[in-house]
Amino acid sequence: MLRKPFIAGNWKMNKTPMEAAVLANELKEQLKGHRCEVAVCVPFVDIASVADALKGSGIGVGAQNVHWAASGAFTGEISADMLKACGATYVVIGHSERRQFFGETDESVNKRTNAALAAGLTPIVCVGELLAERESGNTFSVVERQTVAAFAGVAESDVQKVVIAYEPVWAIGTGRTATDEQAEEVVAFIRKNVGLLYGEGAAGALRIQYGGSMNAANAQGLMGQPNIDGGLIGGASLKAPDFAAIVKAADSTM
Ligand code: PGA
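Residues numbered from 1 in each chain as written. Predicted model: local features only at pLDDT ≥ 70, side-chain atom pairs only at ≥ 80, totals over all residues. Heavy atoms only, no water.

Student: Looking at this model, I keep getting lost on the site of the ligand. Mind explaining?
Tutor: Close to the ligand lie 13 residues, the nearest being K12, H95, E167, G173 and S213. Residue G235 places a main-chain N or O atom 2.8 Å away from an oxygen atom belonging to the ligand. Taking 280 Å² as the accessible area of the ligand by itself, protein coverage stands at 95%. When the residues that make up the shell around the ligand are grouped by side-chain class, the tally is four nonpolar, seven polar and two charged. (Near = heavy atom within 4 Å. Polar contact = N/O pair within 3.5 Å; in protein donor to acceptor, adjacent residues only side chain to side chain. Areas by Shrake-Rupley, 256 points an atom, 1.4 Å probe, with all protein chains shown as cover. Nonpolar A, V, L, I, M, F, W, Y, C, P; charged D, E, K, R; others polar.)

So this is what it looks like as structure tokens:
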């Protein structure tokens, strides 16, 4: 099964709309001719300006969260249709920072995933263990629980529309990347779990990214692993040359 590599930037809470447009223009320039799938997931308020700047670049735009309801009394939340209307086609769901600091649960991750799919957005669903969970030997049980929960109610025909990002929490923003083997082991395990839910065909078509201190230097090795189909990039996505180098590494695996 040939899976198209997918590199997504996660800008987190960085860049005003004007600053975002500047970075987007740099990316447009430096990613010319890229062949893998590329997106940048930006703060809500930046989506429109980034989508505008990236027109014709082949680089997609995503949000970093979405509410499951279509509209209503949910102060501070944003719906899938609102994101689409601003130009987003992707959305990061269940990032570990949201799980850790904003009360995101497996259940809310699942609701957001189903809402994104229903609206035609590509959900990038994040899973990954805390350092304590890894050290206590619970990596696989945590990742299995998160993965199975995320897919509740997802139709088999929609499985390929989901992207999973395996992000060991201890590797995020720490400069401590998982080794190629550590990342591959868990990503293969996620694929196996999806296979148990939906069959090997659907699991074989699902794209699974690695995330956590991925950079120009380690991208090639990680993406060279048989089950790793790209990356979710935080820090290194805020500098156009760094992000471009990671995209190049992904292109070279095609
Ligand atoms: P990092 O972040 O690349 O800065 O480690 C990755 C992420 O949080 O998605």
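Student: When you look at unusual backbone geometry in this model, what are you seeing that I'm missing?
Tutor: Backbone phi values are negative for most residues with the exception of glycine, while trans is the configuration of most peptide bonds. Here the phi dihedral of K12 falls at roughly 50°; this positive angle occurs in a residue that is not glycine. Note that K12 resides in the loop between strand 1 (6–10) and helix 1 (17–30). Backbone geometry at K15 places phi at a positive 85°, although glycine is not the residue there. One can find K15 in the loop between strand 1 and helix 1. (Helix = DSSP H or I, 4+ residues; strand = E, 2+ residues; numbered from the N terminus.)

Student: Looking at this model, I keep getting lost on the sheet that holds strand 4 (residues 90–93). Mind explaining?
Tutor: Here eight strands make up a closed barrel; going around it, the order is 1-2-3-4-5-6-7-8 and the pairing parallel. Averaged over all adjacent pairs, the angle separating strand axes in this sheet is 25°, with direction ignored. Sheet analysis places strand 3 (residues 59–63) next to strand 4, joined by two bridges and oriented parallel. Across the sheet, residue A63 finds its bridge partner in strand 4, namely V91. Its contacts with the sheet put helix 11 (residues 240–251) on strand 1, strand 2 (37–41) and strand 8 (230–233), and the angle it makes with strand 1 is roughly 160°. (Pairing = 2+ DSSP bridges. Axes fitted to C-alpha atoms, helices over the stretch in contact; angles between N-to-C directions. Contact = heavy atoms within 4.5 Å.)

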